[in-house]
Amino acid sequence: MSSTVRRSSRLAASTSLAATAVVEAARTSCVTVTAVAQSSSSRAGQTRGVQYQASVSEDDIADALAGGRQKKRARRASASSDLTSLEAESSKVAPAKKTKKPRKKADVVEFTPEDFPKRPDLPWKIGPHVSAAGGVQNAVLNAASLGATAFALFLKSQRKWDSAALTPESIDSFKKRLDEFGYDCRHVMPHGNYLINLGNPDDDKRAKSYSCFVDDLKRCEQLGLLLYNFHPGSSVGQGTMENSLALIAECINRAHKETDRVITVIETMVGAGSVVGSKFSEIGQIIAQVEDKSRVGVCIDTCHVFSAGYDIRTKEGWDATMAEFERDIGLNYLRGMHINDSKAPLASRKDRHENIGLGHLGLRAFAHIVNDARTRDIPLILETPAFAPAAGAQLRPGEGWDVWSTEVRVLQRLAGAYERADETVDLEAWTDEIRAAVKKASAKAADDAAAKKQRVKKRAKKAKGEDEDEAGDDSCEEL
Ligand SMILES: [Zn+2]
Ligand SMILES: [Zn+2]
């Protein structure tokens, strides 16, 4: 490891250290690999105690944890959102008061690109939705530690109306790291707040959504980012779909005038209930009403379109879907993709993300996507279950995130492989590689959960014993 370790008080102030990372993660409900060294003496060649904040997906919970309540909570989260791997985080994160306990004195280590895997120079840009816990600047490190060439992040808490503004230090550090780690802003696609519904016919509620939306867009511009991905919204069962589409377009138009350059990227949806955007034609209708068409785009979520009825499992199916996209929207509007496999079958209208190759889509579907010239040079974002390490685990960079790093590696290996006539392509073996990583990580997550349960039980027993002792003492005094 040839890195220079720089201790920076500025960074220390802006980075969420071990003591606060979990609290922050609970607030933002997402994943992190926070670049924080535990204890001093982090020098080249020495093990760095990097604080990885746990993430747990609905799938993590379903597969690895036995707790029925957590499972139900996670399922509820997944029913209302596409980011199932990130949404359920809050149901696992340890209570804040436990994690506030400072460990040892923490020093901050600033990583350099040499600390992380070398990223391939491919036209297809691939990476997960990483955590911004502890500050948006950490998202860059999180992505780099996984060998990602693209990434997504939340710019604020995704389930709260109000969040603290980005600090100048955070903005500055994000921009510097983007530059230092070689990420192009065209390959970074933040995901919007989940509460936003620009299609709500209720004026007051839509106004609230609108200000949250504009706030997100302004954050993008503060960070020098170009793309912003959001869910189009819902008619909430009131009024027509057409009315909601017009309301969404009207909000986009207004927001464009309040901001300078950020491109509003509409995500394709599963279409449960009165949610709009499950048909390309609906998104096309929104775009038709947007005045500045240079500032609107579309993000295809593979899990969503498949669950909405677009069969992209075969090359023919993918080409037919893209032909529909071209007809109803226009290929020039494709600004990003979410590449997720689906636990639910075709046209199921269920939003259940699965690891790449392990769901109803299969690795073949993704092989077509990352060999298609139409998906070059746009962010291809994974929103798959991460089976992240336990909270507080002290790990070296890249450790503990094997599922995501394996998925990224396999997809990067596949990218352009058909064009190169790469004879090593073995979809079955590569799917097995991801399956093995998931199996190992989910077993580890189950072990961690069981160990945690034991610790909690032990503590409760000890506390009870102490209470009884005290009660015993009292009774002695009384005697
Ligand atoms: Zn989304
Ligand atoms: Zn998505």
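Placed above this text is the structure.
Not measured: the values here are computed from a predicted model.

Chemist: Can you break down the pairing of strand 5 (residues 263–267) residue by residue, with the values?
Modeler: Within strand 5, five of the five residues are buried, leaving the element largely enclosed by the surrounding structure. With burial as the criterion, each face of strand 5 is covered, one bearing Ile263, Val265 and Glu267 and the other bearing Thr264 and Ile266. Note: strand 4 (residues 227–230) against strand 5, four bridges, orientation parallel. What sits directly across from Phe230, in strand 5, is Ile266. The parallel pair strand 4 and strand 5, bridged by helix 10 (residues 241–258), forms a crossover whose chirality is right-handed. Relative to strand 6 (residues 296–301), strand 5 runs parallel, the two sharing four bridges. Bridged to Thr264 within strand 6 is Val296. At this point the chain moves from strand 5, through helix 11 (residues 280–288), to the parallel strand 6, and the crossover so formed is right-handed.

Chemist: For the environment of Gly336, give the residues involved together with the corresponding values.
Modeler: One can find Gly336 in strand 7 (residues 334–338). Classification of Gly336 as buried rests on a relative accessible area of 0%. The spatial distance from the C-alpha of Gly336 to the C-alpha of Asn229 is 8.4 Å, given a sequence separation of 107 residues. Residue contacts for Gly336: discarding those within four places in its chain leaves Met189, Val298, Cys299, Ile300, Ile378 and Pro379.

Chemist: Account for the environment of Asp215, with residues named and values stated.
Modeler: When you line up the elements, Asp215 lands in helix 9 (residues 203–222). Within the structure, the side chain of Asp215 is placed 2.8 Å from the side chain of Arg219, a separation counted as a polar contact.

Chemist: Before we move on, can you summarise the pattern of salt bridges with the specific residues and values?
Modeler: Considering all chains together, one arrives at 24 salt bridges under this definition. Between Asp215 and Lys156 there is a salt bridge whose closest N-O contact spans 2.7 Å. A residue pair is termed long-range when its members are at least 10 positions apart, and Asp215 in helix 9 and Lys156 in the loop between helix 7 (137–145) and helix 8 (168–180) qualify at 59 residues. For the salt bridge of Glu419 with Arg376, the shortest nitrogen-to-oxygen distance reads 3.1 Å. Separated by 43 residues along the polypeptide, Glu419 in the loop between helix 15 (402–414) and helix 16 (427–478) and Arg376 in the loop between helix 14 (362–369) and strand 10 (379–382) bring together distant segments of the chain. Using a relative accessible area of 60% as the deciding quantity, one classes Glu419 as exposed. With relative accessibility at 33%, the residue Arg376 sits in the partly exposed group. In the salt-bridge network here, residues are joined through shared partners; they are Lys156, Asp215, Asp216 and Arg219.

Chemist: Account for the pairing of strand 7, naming residues and giving values.
Modeler: Of all the five residues making up strand 7, four are buried; the element is thus mostly covered by neighbouring parts of the structure. Where strand 6 lies against strand 7, four bridges are found, and the strand directions are parallel. Among the inter-strand pairings, Ile300 is bridged to a residue of strand 7, identified as Met337. With two bridges joining them, strand 7 and strand 10 adopt parallel strand pairing. The partner of His338 across the bridge, within strand 10, is Ile381.

About the cut-offs
- Position numbers for residues start from 1 in each chain and track the written sequence from start to end.
- Following the order in which they are written, the chains are lettered starting with A and the ligands numbered starting with 1.
- Note on the predicted model: pLDDT of at least 70 is required for a residue's local features to be given, and 80 or more for side-chain atom pairs to be given and counted; whole-chain, interface and lining totals, by contrast, use all residues.
- Computation of side-chain values: all heavy atoms of the structure, hydrogens and water removed.
- Exposure categories follow from relative accessible area, calculated using a 1.4 Å probe and restricted to protein chains: below 20% of the type maximum is buried, above 50% is exposed, and the middle band is partly exposed.
- Runs of E in the DSSP output that reach at least two residues are strands. Runs of H or I that reach at least four are helices, and both are numbered from the N terminus.
- Here, any two strands with at least 2 DSSP bridges between them count as paired.
- Seen with the strands pointing away from the viewer, any crossover whose path from the first strand over the helix to the second strand runs clockwise is right-handed.
- Residue contacts are counted whenever heavy atoms from the two residues lie within 4.5 Å of one another.
- In protein, a polar contact means a hydrogen-donor-capable atom and an acceptor-capable atom, both N or O and within 3.5 Å, with residues adjacent in sequence counting only if both atoms are side-chain atoms; elsewhere, any N or O pair within 3.5 Å suffices.
- Salt bridge, as used here, is a side-chain nitrogen of Lys or Arg placed within 4 Å of a carboxyl oxygen of Asp or Glu.

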